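Examination of the molecular architecture
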Amino acid sequence: MSKQFAIIGMGRFGSSVARTLYEMDFEVMGIDENEERINENIQYVTHAVAADTTDERALREIGIRNFDVVVVAIGADIQASILTVLILKEMGVKKIVAKAQNERHGQVLYKVGADRVVFPERDMGVRVAHNLISANVLDFIELAEDYSVAEVVASSNMIGKNLRQLDLRARYEVNVIAIKSGDKFNIAPSPDEVIREGDVLVVIGNNRHLKTFEEQD
Ligand code: ATP
């Protein structure tokens with residue numbers, strides 16, 4: 001059977017996670033203490049339940065232990081977010097993913113038992129900042145502390161050249177892992193692949209090297 005997910009907190013983040021999983025045909029339970037939030041999201045989840053997740057009994061009634069992954073997407077109420085993670089951990093939930101408002105909140109979430117902590121606002125800030133450095137940077141995703149993947153529109157001096165001629169690995173120490181060309185998405189492009197106007201290069205590398213590459217024109 002495919003994985004079953006429970007999403008606690010149907011704010012902007014939680015409802016977006018829930019809806020995406022639901023559209024991918026997973027079973028998703030949405031939980032929020034606010035009835036209105038439940039009503040807003042009812043058509044985007046398999047089940048929706050109004051409950052306060054800082055109440056262990058309520059979680060037990062929902063059968064929260066049976067879910068493969070529980071996402072705690074409570075934001076502003078940091079105390080409720082921490083308490084919910086703590087209770088889920090004590091109840092033996094297999095995998096807990098929690099959203100943090102800031103680094104400190106994140107540290108505490110790990111301490112009380114989150115298996116993974118996400119920082120949507122911080123990460124989106126990083127992505128937007130890279131787009132501000134250069135309009136050519138469409139997206140930027142940090143993979144590890146020092147390594148990222150960037151989507152960069154091919155600059156005019158790349159057009160008509162193939163990857164071998166561009167030699168980005170030697171010049172910038174970045175690797176092209178894919179090229180988006182219109183509707184086509186070429187993963188693992190060959191060195192003979194010629195760059196066309198409007199192509200988007202998906203490159204991977206160390207952040208310092210990526211920055212140098214992003215700034216070139
Ligand atoms: P987002 O950025 O995702 O919109 P946010 O930072 O605004 O989130 P909140 O609105 O504080 O986050 O929390 C998201 C949802 O979590 C809200 O709909 C809120 O009702 C719900 N929530 C808060 N505390 C609890 C709780 N103890 N039990 C269940 N749901 C809760």
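Computed from a predicted structure; not experimentally measured. (Residues numbered from 1 in each chain as written. Predicted model: local features only at pLDDT ≥ 70, side-chain atom pairs only at ≥ 80, totals over all residues. Heavy atoms only, no water.)

1. Side note on the environment of I141
In this structure, I141 sits in strand β7 (residues 137-142). Owing to a relative accessible area of 40%, I141 belongs among the partly exposed residues under this scheme. Setting aside anything within four residues of it in sequence, one finds I141 in contact with R127, Y147, S148 and V149. (Helix = DSSP H or I, 4+ residues; strand = E, 2+ residues; numbered from the N terminus. Buried < 20%, exposed > 50% of the residue type's maximum accessible area, 1.4 Å probe, protein only. Contact = heavy atoms within 4.5 Å.)

2. A few points about the site of the ligand
The local shell around the ligand holds 21 residues, among which R12, F13, D32, R37 and D52 are the closest. Taking R12, its main chain carries an N or O atom lying 2.7 Å from an oxygen atom of the ligand. Backbone polar atom of G75 to an oxygen atom of the ligand: 3.3 Å apart, as the coordinates give it. Protein contact buries 87% of the 630 Å² of open area that the ligand shows by itself. Looking at the shell around the ligand residue by residue, the classes come out as seven nonpolar, seven polar and seven charged. (Near = heavy atom within 4 Å. Polar contact = N/O pair within 3.5 Å; in protein donor to acceptor, adjacent residues only side chain to side chain. Areas by Shrake-Rupley, 256 points an atom, 1.4 Å probe, with all protein chains shown as cover. Nonpolar A, V, L, I, M, F, W, Y, C, P; charged D, E, K, R; others polar.)

3. As for the sheet that holds strand β5 (residues 96-99)
The strand order across the open sheet formed by six strands is β3-β2-β1-β4-β5-β6, and the pairing between neighbours is parallel. Each having just a single partner strand, β3 (47-50) and β6 (116-118) make up the two edges of the open sheet. Adjacent strand axes in the sheet meet at a mean angle of 20°, parallel and antiparallel pairs treated alike. Here helix α1 (residues 12-23) sits on the sheet in contact with β1 (4-8), β2 (27-32), β5 and β6, set at roughly 165° to β1. (Pairing = 2+ DSSP bridges. Axes fitted to C-alpha atoms, helices over the stretch in contact; angles between N-to-C directions.)

4. What about helix α5 (residues 103-111)?
Along α5, the residues classified as buried are H105, G106 and L109. The arc that holds the buried residues of α5, viewed along the axis, is 100°, so those residues lie on one side. Residues of α5 that are exposed and angled more than 90 degrees away from the buried face: R104 and K111. In this structure, the buried residues of α5 make contact with α4 (78-91), β5 and β6. (Arc of directions from axis to C-beta.)

Treat this as a map of the structure, not an account of what it does.
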